[in-house]
Amino acid sequence: MLKKRYADFDKLITDIDKLELTDEREVLIYHNDKFYDDVFVYLDDDKEDFEKLKPFIAFLAENLWKLDMIAQRYDDIHNNSNLAQSYEAAYIRLKAPNEVSIEYYGMRENTEFDVVFKHEEDKFILKSFGMRKNIPADWDKE
């Protein structure tokens, strides 16, 4: 069952002027609520580019719920499990100029995995889900 999460715009930080480094390399984009913890964009070695990355970080915040829904749909079709009930997003990493990775952490088990998306032509394309790499573009076609 899919669940629309991370869509509370009162909790999302989408205003470029309100984005700030909370640590040496973390940018908070979603304030925790009664259901989910905070979500951060982790900049790795890109902290020098923080000002330049702000528009894309705000774009990620606005689309966090869409990315999560893609991951849930893939999980529902191919794993027959329930991502929304067992995992929550914790970090987003910028892997390449047009690639992002969401780290999901287990809420019931001590486990984590990455879901990687490629951003092109204003849409996100699922590239990998945990150990499954090179996911074909038509993965959701029956």
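Each value, and the rule that gives it
- Residues numbered from 1 in each chain as written.
- Predicted model: local features only at pLDDT ≥ 70, side-chain atom pairs only at ≥ 80, totals over all residues.
- Heavy atoms only, no water.
- Salt bridge = Lys/Arg side-chain N within 4 Å of Asp/Glu carboxyl O.
- Helix = DSSP H or I, 4+ residues; strand = E, 2+ residues; numbered from the N terminus.
- Buried < 20%, exposed > 50% of the residue type's maximum accessible area, 1.4 Å probe, protein only.

Caption draft 1: Summary view of the pattern of salt bridges. The tally for this structure, following the rule as stated, stands at five salt bridges. Across the salt bridge formed by Glu103 and Arg93, the nearest N and O atoms sit 2.5 Å from each other. With a gap of 10 residues between them, Glu103 in strand β4 (residues 99-106) and Arg93 in strand β3 (residues 87-96) connect regions that are remote in the sequence. Linking Glu120 and Lys118 is a salt bridge whose minimum nitrogen-to-oxygen distance equals 3.6 Å. For Glu120, a relative accessible area of 33% translates into the label partly exposed. For Lys118, a relative accessible area of 26% puts it in the partly exposed group.

Treat this as a map of the structure, not an account of what it does.
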